[in-house]
Amino acid sequence: MTLHLIARDLRIIFKDRGAMFLGFAVPVVLFTVFVLIFGGMGSSGDINSIHLIVVDEDDSPQSRRLVSLLEKLEPLRIRKNKKTGDSEEQIPYTAATAREAVAAGKVSTALVIPEDFARGLEEHLFADYDSLPALTILYDAAVPIESQVVRGLLQQVVFMSLTSTWAVKGIDIMAQELALDTDTSNRMTSWMTEVFEEVEQIQEAEEAGPDSTEAAGGGGFGSPIPIKTVDVLGESKRSPVAAMTAAQVVVMFLLFSVMYSAGSILQEQEGGTLRRLLISPMTDWQFLLAKVGSTTIFGFFQIMIMYLYGWIVFNVDLFRDFPAVVLMTAVTAVSATALGLLLASLCRSMKQVESISMLVVLSMSAIGGSMIPRFLMPKWMQDVGLLSFNAWAIDGFYKIFWREMGIVEILPQVGVLLAAGLVFFFIASHFFRQRFYA
Amino acid sequence: MLEALKLTKDFGPLCALSEVDLEIREGEIFGLLGPNGAGKTTFVNIATTFLKPTSGTVRIAGLDVMEDTARVKNLLGVVPQEISLYDMLSGEENLEFFGGLYGLRGGRLKTRVSEVLETLGLAERRKGKISNYSGGMKRRVNIGAGILHEPRMILMDEPTVGVDPQSRHHIFGVIENLRDNGATILYTTHYMEEAERLCDRIAIIDHGKVVACGTKRELVALIGEQSVLEIGFSGDPDPAVLESTLPDARIHDRRILIHTTDPAAALPRVVSGLSGVGVDLTSINVQEPDLEAVFLRLTGHRLRDRGTES
Ligand SMILES: Nc1ncnc2c1ncn2[C@@H]1O[C@H](COP(=O)(O)OP(=O)(O)O)[C@@H](O)[C@H]1O
Ligand SMILES: [Mg+2]
């Protein structure tokens, strides 16, 4: 009986051009647009503060100088030490722990200054670019704007910190070439140093200014020393942005479709077919479970088709851990369905469902990260976002597609969504049974 | 087959059904005749478990509708007054779905759907979407969805509203056929002609009360098989003078009603009597002894007086 009802529901949904268009075509288009916008975006947005882990393996005057310059930059918050849980003890980050921190999403970017930084500079500057010590930036491409800003800033700072060294070294070489006497070359050197120190002061003042972020991002000059960037998570991913955007967009549209689909109970009431159902031998639970079944199946397809599209067009890594994807998709769909039923059970008409669900879905999407990723929001907003359906669903998909985690790691999201779904379903069924079977 | 005992339904202050007693016998077509708002749909809703009565009981095939709900549901076929179908689906798909609700599956379901489509003259348009059907076709599918599973008791709530006379005639044939195959049918209508033409027995209902029940013949006998002579007039005659001239007449605003077994003999007497008191006749109408006359006599108003014809 339940299957019979589900089959009928699906038949109707798949014949409904409007539902198909909203359910499949619109999200795919929006997804594509988002990916193109965010994927191609260098810098923009107002970012209040960016946390940057700095690992100074060298601990030389030059490296410390570089770090102190970074610390002066307005948008950056430099972290050198790892906070440990219970004690006040602070352990400096190492390249490995910094990498872990980025991978875990604690910060978006980390800078590693290699051990032989100062010595390498001394030996190879102007002589052999390839042998120069490379700064390594570990970043999370899931946060493309942030990491690009940091990289831009770093380039500038490195350039600044090296200009004097660079100039002094240049004079040295020139003196040798021209066979100048030591006295002359020393005087030139000290003069140059003075000039550059002055330039530095000016630059620092500018850096601290309000336009720093933009200047950094837009700074087009190359780095005097090599900067090696390592996309900690996305090295293997060809389109990191797509994987994230897909989650954001699909969850929002899933909510729209399930609200519509669950609201069809009210449509049936208005169209009179509900009466035929209610006086037929079908029971109330069969009826409600069938609604959950058909809506969940529709939602499942909706999410899957989005990711399939992402996989084909943007190389989203759909099959790395497919069982986890299936689990997350199913749980997201069923829980969203329960939420849709709850909303429908509180409404009097399909018109009401349409307007109220619009409001509910849009606000949940806004705070829950379907429009702007939550990690770009202030901390308190991120916490508030956890009240939304979107946040949990998106987090689950992030974990799979972005953090390359598996079923075990998404269990918190799965659990919360399932538990919420169960609660929603029982409240909704209570209201519906009261309304239709009283 | 169906028994209602002191069935009462109040909607707040409005009493939609008031202590209704009815007995529908197995194998008959039973008509529930009454104007709009009489309480017909309310009765069907209670009998089909859709509404709970305020008091009283309905038993179908010996089962209490309120208590044995699940078993009762399996016995019933219902044709709701409003067309209740899925617009997005075809006629065939609708029938398949509703048949499936009553447990029909596979080949049996296919056969029944084809039979019903054939019977209702819809076989050609079976694949078309309901939303593209004419009103009459929708009505026929609406009926089909209620009879597909060959229920023992069929409740039809004004199933032919808005159907053209030819299709209506065809549908009557279908309903009679159902009865001849053993089904019991409750048929509600506000068309006297329908009840007369189709129903074995009829209950007349008005304002939630059953005012009379029986075969057409029994009902007409209630008013002594009298015809009603209805005469319209103009002018302003003295009522007292009119009354003395025609002592057997009832006068309703500019209409004179005379109940008589022989209208042909009564007419000349009335005409000459009226011309004597200076009244101009505007119309003469003889109401044969039919249900309309019964209704008029029992309730004081016509079937169509109130409500709008749909
Ligand atoms: N759900 C309801 N709430 C309030 N009044 C109702 C309801 N259903 C019917 N009524 C009233 O009960 C009376 C009988 O209605 P109904 O049974 O539909 O009449 P019929 O089917 O004979 O036209 C009408 O006056 C109608 O307005
Ligand atoms: Mg009615």
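What comes next is a walk through the structure.

Before going further, it helps to examine empty space enclosed by the protein. Enumeration over the complete set of coordinates arrives at two cavities of 30 Å³ or more. Volume-wise, the second largest cavity comes out at about 60 Å³. What lines the second largest cavity is simply Arg276, Ile279 and Ser280 of chain A together with Val78, Phe98, Leu101, Tyr102, Ala145, Gly146 and His149 of chain B. Secondary structure elements with two or more residues in the lining of the second largest cavity: α3 (91-101) and α5 (135-147) of chain B. Looking at side-chain class alone, the lining of the second largest cavity contains six nonpolar, three polar and one charged residues.

Distances from the magnesium ion (ligand 2) to its protein donors, namely Thr41 of chain B (OG1) and Gln81 of chain B (OE1), fall within the range 1.9 to 2.2 Å. One end of the pair, Thr41 of chain B, is in helix α1 (residues 40-47); the other, Gln81 of chain B, is in the loop between β6 (76-79) and α3, and 40 residues separate them in sequence.

Next up on the list: the pairing of strand β11 (residues 227-234) of chain B. Residue and element names in this part refer to chain B. Within β11, seven of the eight residues are buried, which leaves it mostly tucked inside the rest of the structure. When β11 meets strand β13 (residues 255-260), the two strands line up antiparallel, connected through six bridges. Along β13, the bridge assignment pairs Ser227 with Thr260. Alignment of β11 against strand β14 (residues 280-287), held across seven bridges, turns out to be antiparallel. Within the sheet, the bridge partner assigned to Glu230 lies in β14 and is Asn285.

All right, on to helix α4 (residues 95-103) of chain A then. Residues and elements named next belong to chain A. Along α4, the positions that sit buried rather than exposed are Thr97, Ala98, Ala101 and Val102. Burial along α4 is one-sided: seen end-on, the buried residues are contained in an arc of 145 degrees. Count one or two residues on from α4 and you reach Gly105, which has phi positive near 85 degrees.

Turning to the site of ligand 1, a few remarks are in order. Residues and elements named next belong to chain B. The environment of ligand 1 is formed by Phe11, Leu14, Ala16, Pro35, Asn36, Gly37, Ala38, Gly39, Lys40, Thr41 and Thr42. Gly39 is positioned such that a nitrogen or oxygen atom in its backbone is 3.0 Å from an oxygen atom of ligand 1. Here an oxygen atom of ligand 1 sits 2.6 Å away from a polar atom, N or O, in the side chain of Thr41. For ligand 1, whose accessible area on its own is 560 Å², the fraction buried by protein is 60%. Contributing elements (two or more residues each) for the shell around ligand 1: β2 (14-24) and α1. Its residues assigned to classes, the shell around ligand 1 shows five nonpolar, five polar and one charged.

Moving on, we come to the pairing of strand β10 (residues 209-214) of chain B. The pairing of strand β9 (residues 201-206) of chain B with β10 of chain B spans five bridges and is antiparallel. Paired with Asp206 of chain B across the two strands is Lys209 of chain B, which belongs to β10 of chain B.

Take the packing of helix α11 (residues 284-314) of chain A against helix α12 (residues 322-346) of chain A next. Residue and element names in this part refer to chain A. Contact geometry of α11 with α12 gives a least axis separation of 8 Å together with a crossing angle of 135 degrees. The orientation of α11 relative to α12 falls into the category oblique. Crossing handedness for the pair α11 and α12: right-handed. For the pair α11 and α12, the contacting residues are Lys291, Val292, Thr295, Thr296, Gly299, Phe300, Ile303 and Met304 in the first and Phe322, Val325, Val326, Thr329, Ala330, Thr332, Ala333, Val334, Thr337 and Leu341 in the second. When the residues that make up the contact of α11 with α12 are grouped by side-chain class, the tally is 11 nonpolar, six polar and one charged.

So, about the interface of chain B and chain A. At the interface, 26 residues of chain B touch 22 residues of chain A. Both sides of the chain B and chain A interface together cover about 2,400 Å² of buried area, and 61% of this is carbon and sulfur. Run the count over chain B and chain A and you get one salt bridge. Between Glu93 of chain B and Arg11 of chain A there is a salt bridge whose closest N-O contact spans 3.3 Å. Taken together, the links from chain B to chain A amount to nine residue pairs in polar contact (both at pLDDT 80 or more).

Once that is clear, we can look at a nonpolar patch on the surface. All names here are of chain A. A cluster of nonpolar side chains, Leu308, Trp311, Ile312, Val313, Phe319 and Phe322, forms an exposed patch at the surface whose accessible area comes to about 540 Å². Here the element with the most residues in the nonpolar patch is α11; it accounts for four residues. You can see Phe322 is positioned in helix α12.

In this section: the packing of aromatic side chains. Per the stated rule, a full pass over the model turns up 18 aromatic pairs over all chains. Ring centres 5.9 Å apart and planes at 65 degrees place the aromatic pair Phe14 of chain A and Phe298 of chain A in the edge-to-face group. With Phe14 of chain A in helix α1 (residues 2-15) and Phe298 of chain A in helix α11, this pair connects stretches of sequence that are 284 residues apart. Ring centres 5.0 Å apart and planes at 35 degrees place the aromatic pair Phe319 of chain A and Phe322 of chain A in the tilted group. Among the residues examined, Phe319 of chain A registers a relative accessible area of 41% and is labelled partly exposed. Here Phe322 of chain A falls in the partly exposed class, since its relative accessible area comes to 32%. Grouped by ring-pair contacts, the aromatic residues Phe14, Phe24 and Phe298 of chain A constitute a single cluster. The aromatic ring of Phe98 of chain B is capped on one face by Arg276 of chain A, whose charged end is 5.1 Å from the ring centroid. Sitting over the ring of Tyr191 of chain B, Arg168 of chain B keeps its end group 4.8 Å from the ring centre.

All names here are of chain B. Even without glycine at this site, Glu150 takes up a positive phi of about 50 degrees. Assignment of secondary structure puts Glu150 in the loop between α5 and β7 (153-157). Located in the positive-phi region is Glu158, a residue other than glycine, with phi close to 45 degrees. Mapping Glu158 onto the fold places it in the loop between β7 and α6 (165-180).

All names here are of chain B. Across the sheet, which stays open at both edges, the four strands sit in the order β12-β13-β11-β14 with antiparallel pairing between neighbours. Only two strands of the sheet have a single neighbouring strand rather than two, namely β12 (249-252) and β14. Looking at each pair of strands side by side, their axes are set apart by 20 degrees on average, direction ignored. The sheet contact formed by β12 and β13 spans four bridges and is antiparallel. Directly across from Ile251, in β13, lies its bridge partner Ile256. Lying over the sheet, helix α10 (residues 263-276) contacts β11, β13 and β14, oriented at roughly 20 degrees with respect to β11.

Attention now goes to the layout of surface pockets. Residues and elements named next belong to chain A. In this structure, the second largest pocket occupies an estimated 740 Å³ of space. What lines the second largest pocket is a set of 31 residues, among which Asp16, Tyr260, Ser264, Gln267 and Met350 lie closest to the centre. If you list the elements that add at least two residues to the lining of the second largest pocket, you get α1, α2 (17-39), α9 (240-271), α11 and α13 (350-368). Counting residues per element, the lining of the second largest pocket draws most heavily on α9, which supplies 10 residues. Looking at the lining of the second largest pocket, its residues break down into 16 nonpolar, nine polar and six charged.

Residue and element names in this part refer to chain B. With respect to the helices, strands and loops of the structure, Leu75 is situated in helix α2 (residues 69-75). Its relative accessible area of 16% is what places Leu75 among the buried residues. It is 9.5 Å that separates the C-alpha atoms of Leu75 and Tyr102, two residues lying 27 residues apart in sequence. If sequence neighbours within four positions are ignored, Leu75 has contacts with Ile60, Ala61, Leu63, Pro151, Arg152 and Met153.

Attention now moves to the side chain of Glu28 of chain B. All names here are of chain B. With respect to the helices, strands and loops of the structure, Glu28 is situated in the loop between β2 and β3 (29-33). What makes Glu28 buried here is its relative accessible area of 7%. One polar contact links the side chain of Glu28 to the main-chain amide nitrogen of Arg25, over a distance of 2.7 Å. Each residue touching Glu28, except ones within four places of it in the same chain, is listed here: Glu23, Arg179, Ala183, Thr184, Ile185, Asp200 and Arg201.

Calculation rules
Residues numbered from 1 in each chain as written. Chains lettered and ligands numbered in written order. Predicted model: local features only at pLDDT ≥ 70, side-chain atom pairs only at ≥ 80, totals over all residues. Heavy atoms only, no water. 1 Å grid on protein atoms, 1.4 Å probe; cavity = no way out; pocket = protein on both sides within 12 Å on 5 of 7 lines; lining within 4 Å. Points joined across faces, edges and corners; volume = space filled by probe spheres on them. Helix = DSSP H or I, 4+ residues; strand = E, 2+ residues; numbered from the N terminus. Nonpolar A, V, L, I, M, F, W, Y, C, P; charged D, E, K, R; others polar. Donors = N, O, S within 2.8 Å, 3.2 Å for Na, K, Ca; no water. Buried < 20%, exposed > 50% of the residue type's maximum accessible area, 1.4 Å probe, protein only. Pairing = 2+ DSSP bridges. Arc of directions from axis to C-beta. Near = heavy atom within 4 Å. Polar contact = N/O pair within 3.5 Å; in protein donor to acceptor, adjacent residues only side chain to side chain. Areas by Shrake-Rupley, 256 points an atom, 1.4 Å probe, with all protein chains shown as cover. Axes fitted to C-alpha atoms, helices over the stretch in contact; angles between N-to-C directions. Parallel < 35°, antiparallel > 145°, perpendicular 65-115°, else oblique. Left-handed = near helix turned anticlockwise from the far one by under 90°. Contact = heavy atoms within 4.5 Å. Buried area = accessible area lost by both parts, 1.4 Å probe. Salt bridge = Lys/Arg side-chain N within 4 Å of Asp/Glu carboxyl O. Patch = residues over 30% accessible without salt bridge, like charges linked within 9 Å, V, L, I, M, F, W, Y side chains within 5 Å. Phe/Tyr/Trp six-rings, centres within 6.5 Å; stacked < 30°, edge-to-face > 60°. Lys NZ or Arg CZ within 6 Å of the ring centre and 35° of its normal.

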